[in-house]
Amino acid sequence: MHSSKGIIYQISGVLILISAVLYLFVPIIAPWIMGVSVLVFSVVTALSPYSGKSIRGKRLFNFQIFSCILMIVATYLMFKNNNLWALLMMVGAVFLFYAGIMIPKELEKE
């Protein structure tokens, strides 16, 4: 990932975490911050595809895309005041965490 994409990716990730905590205190503003952050995070993820040729690496990239879709749905549920948003966000985070650890290892193998 290029440096500007990396910085935007990290900032949006931190804002996602902040908005999840902020939802406990200011449930009117938090979904908007979450929505913008998840949108930016998803766009940067989609614009940074897996650069290797491994089928496993491509599958791991699809995990990242799936986690972004889960985060988008979680944001929608946050707007609807449905507490299932937290569950979807955690499942998406697990997929994203796993892919984030395994993709560099897969690139190292190639």
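Above this text is the structure in question.
The present account deals with the structure reproduced in this document. (Residues numbered from 1 in each chain as written. Predicted model: local features only at pLDDT ≥ 70, side-chain atom pairs only at ≥ 80, totals over all residues. Heavy atoms only, no water.)

Here we look at unusual backbone geometry
Part 1: The backbone phi angle of asparagine 81 is positive, close to 60°, even though this residue is not glycine.
Part 2: Here asparagine 81 is to be found in the loop between α3 (55-79) and α4 (84-109).
Part 3: A residue is classified by how much of its surface remains accessible, and asparagine 81, at 54% relative accessible area, is exposed. (Helix = DSSP H or I, 4+ residues; strand = E, 2+ residues; numbered from the N terminus. Buried < 20%, exposed > 50% of the residue type's maximum accessible area, 1.4 Å probe, protein only.)

A few points about the side chain of glutamine 64
Part 1: Here glutamine 64 lies in helix α3.
Part 2: Once residues within four sequence positions are removed from consideration, glutamine 64 is found in contact with Tyr9, Thr45, Leu96, Ala99 and Ile103. (Contact = heavy atoms within 4.5 Å.)

Thoughts on the packing of helix α2 (residues 30-46) against α3
Part 1: Contact geometry of α2 with α3 gives a least axis separation of 9 Å together with a crossing angle of 165°. As judged from the angle between their axes, α2 and α3 are roughly antiparallel. Remark: the crossing between α2 and α3 carries left-handed chirality. Here Ala30, Pro31, Trp32, Met34, Gly35, Val38, Phe41, Ser42, Thr45 and Ala46 of α2 lie close against α3, whose contacting residues are Phe61, Gln64, Ile65, Cys68, Met71, Ile72, Thr75, Met78 and Phe79.
Part 2: Taken together, the residues of the contact of α2 with α3 sort by class into 14 nonpolar, five polar and no charged. (Axes fitted to C-alpha atoms, helices over the stretch in contact; angles between N-to-C directions. Parallel < 35°, antiparallel > 145°, perpendicular 65-115°, else oblique. Left-handed = near helix turned anticlockwise from the far one by under 90°. Nonpolar A, V, L, I, M, F, W, Y, C, P; charged D, E, K, R; others polar.)

Points about a nonpolar patch on the surface
Part 1: Residues Val21, Leu24, Phe25, Val26, Ile28 and Ile29 make up a contiguous nonpolar surface patch of about 650 Å² in total accessible area.
Part 2: Looking at the element boundaries, valine 21 is found in helix α1 (residues 3-22). (Patch = residues over 30% accessible without salt bridge, like charges linked within 9 Å, V, L, I, M, F, W, Y side chains within 5 Å. Areas by Shrake-Rupley, 256 points an atom, 1.4 Å probe, with all protein chains shown as cover. Salt bridge = Lys/Arg side-chain N within 4 Å of Asp/Glu carboxyl O.)

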